[in-house]
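# Residue-level structure breakdown
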Amino acid sequence: MTDIRFEQSGTKERNLAMELVRVTEAAALSAGRWMGRGDKEKADQAAVDAMRQALDGVDMDGIVVIGEGEKDEAPMLYIGERVGNGSPPQVDVAVDPIDGTRLLSLGLPGALAVVATAERGSMYSAPPGVFYMEKIAVGPAAKDVIDINAPVAVNLERIARAKDAQIDDLTVIILDRPRHQEIIRQIRQAGARIRLISDGDVAAAILAAMEDYRGVDVLMGIGGAPEAVLAAAAIKCLGGAMQCKVWPRSDEEREKFKAEGIDLDQVLTIDDLVHSNDVSFAATGITSGELLDGVQYFGWGARTSSIMMRSRSGTVRYIQARHKWRRGLGASQAQTTR
């Protein structure tokens, strides 16, 4: 008798996310050498160099839409750069060689190397000068109940009801920034718990959206616009939801955006941020955090911990790899799983 709950894996179908893991592993292995050394620039450069080289070997015709900056500011992984070996498929590529550069430079938990792809033309590209967005992100249970325009207490009440919980059962993850003083006050007044983080809201959004992780229920607050697209790619694979709005940093920036025709009231849903349903996402831990362990180095090589996801199948894989660059050290050091 066939179990109707089980669907046979389509193993003949190519899995681009598996190739992307090798890219994030390369970035993490290079960047991890700079953990705690206080030099964000050299750490970032090491990750960029390794990630760019690894991308050359991926079977894809990619264009960077979320990257290190415009061509005149970044020599590699700039917006508009073509990556991959030119073979199909044609994809948009979003990269963050280090999500949490400050975390890495100070030896703090939670730094990641991240790459995502989606069908060509499907990833949101923020207008020039837009650097920040207001965000709310949740997992599958609450994906249909959030509203970024609703008061904080209303969203928390809806999320709690969707999860068959009380508001004081919920944990909100939010960046520890002065701009969040008012929203933190409202979360506390509503009765939810709060986890403040110093950096790394891509990982935070993933934690909020994972069904099998119970430490965080919702991401709220204002963070980077590029990070919103990367987080949306992961959340699409996880079946959760995300809503964002462009956030001006000052009254002058607000007026500038309005003059340029940017709609500050527009709510960007997860389908606006990534409207393809063929999304691949990969991340490798650089410093150990709740999502992934960081890189561990040995005389014979290193160990890495990665996660990869696909939206089409909803599959999430955790990959523990040993990278061996000294041979003949005995059977206790397993061969590289790459």
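Scoring rules and cut-offs
Residues numbered from 1 in each chain as written. Predicted model: local features only at pLDDT ≥ 70, side-chain atom pairs only at ≥ 80, totals over all residues. Heavy atoms only, no water. Pairing = 2+ DSSP bridges. Helix = DSSP H or I, 4+ residues; strand = E, 2+ residues; numbered from the N terminus. Contact = heavy atoms within 4.5 Å. Axes fitted to C-alpha atoms, helices over the stretch in contact; angles between N-to-C directions. Core = buried A, V, L, I, M, F, W, Y, C linked by side-chain atoms within 4.5 Å. Buried < 20%, exposed > 50% of the residue type's maximum accessible area, 1.4 Å probe, protein only. Expected span 1.5 Å × (residues − 1). Polar contact = N/O pair within 3.5 Å; in protein donor to acceptor, adjacent residues only side chain to side chain. pLDDT = per-residue confidence, 0-100. Phe/Tyr/Trp six-rings, centres within 6.5 Å; stacked < 30°, edge-to-face > 60°. Parallel < 35°, antiparallel > 145°, perpendicular 65-115°, else oblique. Left-handed = near helix turned anticlockwise from the far one by under 90°. Disulfide = S-S within 2.5 Å.

Further remarks concern the sheet that holds strand β6 (residues 171-175). Read from one edge to the other, the open sheet built from 6 strands follows the order β7-β6-β8-β5-β9-β10, with strand pairing classed as mixed. Strand pairing shows two members of the sheet lacking a second neighbour, β7 (193-197) and β10 (268-269), which therefore form its edges. The strands touched by helix α4 (residues 152-162) within the sheet are β5 (132-138), β6 and β8 (218-224), with β8 carrying the most contacts at an inclination of about 135 degrees.

One broad trend across soluble globular proteins is that nonpolar side chains are buried collectively. If you look at the biggest cluster of nonpolar residues, it comprises 55 residues, and the most contacted ones within it are Ile206, Met242, Leu273, Val274, Phe281 and Leu291. Those residues within four positions of isoleucine 206 in sequence are excluded, and the remaining contacts are Ala234, Leu238, Phe281, Leu291 and Met309. The next biggest cluster of nonpolar side chains, apart from the first, holds 36 residues, and it includes Leu55, Val93, Ala282 and Ile286.

What sets the pattern is the α-helix's 3.6 residues per turn: residues three or four places apart point alike. Helix length check: helix α2 (residues 40-55) (16 residues) gives 22 Å between terminal C-alpha atoms against 22 Å at 1.5 Å per residue, within 8%. For α2, the complete set of buried residues consists of Ala43, Asp44, Ala46, Ala47, Val48, Ala50, Met51, Arg52 and Leu55. Buried residues along α2 sit in contact with α1 (16-31), β2 (82-83), β3 (90-99), α3 (101-106) and β4 (112-119). N-cap assignment for α2: the residue whose side-chain oxygen lies 3.3 Å from the backbone N of glutamate 41 is aspartate 39.

On average, residues of the protein chain score 91 in pLDDT, and 91% of them reach the 70 mark or higher. With pLDDT under 50 throughout, residues 330-338 is counted as low confidence; its partners more than four residues away or in other chains account for 19 contacts.

On to the packing of aromatic side chains, then. Evaluation of the coordinates by the stated rule reveals 2 aromatic pairs. Geometrically, the ring pair formed by tyrosine 132 and tryptophan 247 is edge-to-face, given 6.2 Å between the ring centres and 75 degrees between the ring planes. Placement of tyrosine 132 in strand β5 and of tryptophan 247 in the loop between β9 (241-246) and α8 (251-259) is noted, with a sequence separation of 115 residues between them. Exposure remark for tyrosine 132: the relative accessible area of 25% places this residue in the partly exposed category. Relative accessible area serves as the criterion here: at 23%, tryptophan 247 is assigned to the partly exposed category.

This paragraph deals with the packing of helix α6 (residues 201-209) against helix α7 (residues 225-238). Direction vectors running N to C along α6 and α7 enclose 25 degrees, while the axes themselves pass 9 Å from each other. In terms of axis orientation, α6 runs roughly parallel to α7. For α6 against α7, the interelement crossing comes out right-handed. Across the interface between the two elements, Asp201, Val202, Ala205, Ile206 and Ala209 from α6 touch Glu227, Leu230, Ala231, Ala234, Ile235 and Leu238 from α7.

Bringing unusual backbone geometry into the picture now. A cis amide bond links proline 88 to the next residue, proline 89, at an omega of 5 degrees. Within the secondary structure, proline 89 is located in the loop between β2 and β3. With a phi angle near 60 degrees, leucine 77 is a residue other than glycine that sits in the positive phi range. Mapped onto the elements of the fold, leucine 77 is located in the loop between β1 (61-66) and β2. Positive phi, close to 55 degrees, is recorded for aspartate 164, a residue that is not glycine. Its place among the elements puts aspartate 164 in the loop between α4 and β6. By relative accessible area, aspartate 164 is classed as exposed at 75%.

Summed over the entire model, instances satisfying the criterion amount to 0 disulfides. This cysteine, cysteine 237, is not joined by any disulfide, and cysteine 244 carries the nearest cysteine sulfur, 16 Å off. We classify cysteine 237 as buried; its relative accessible area is 4%.

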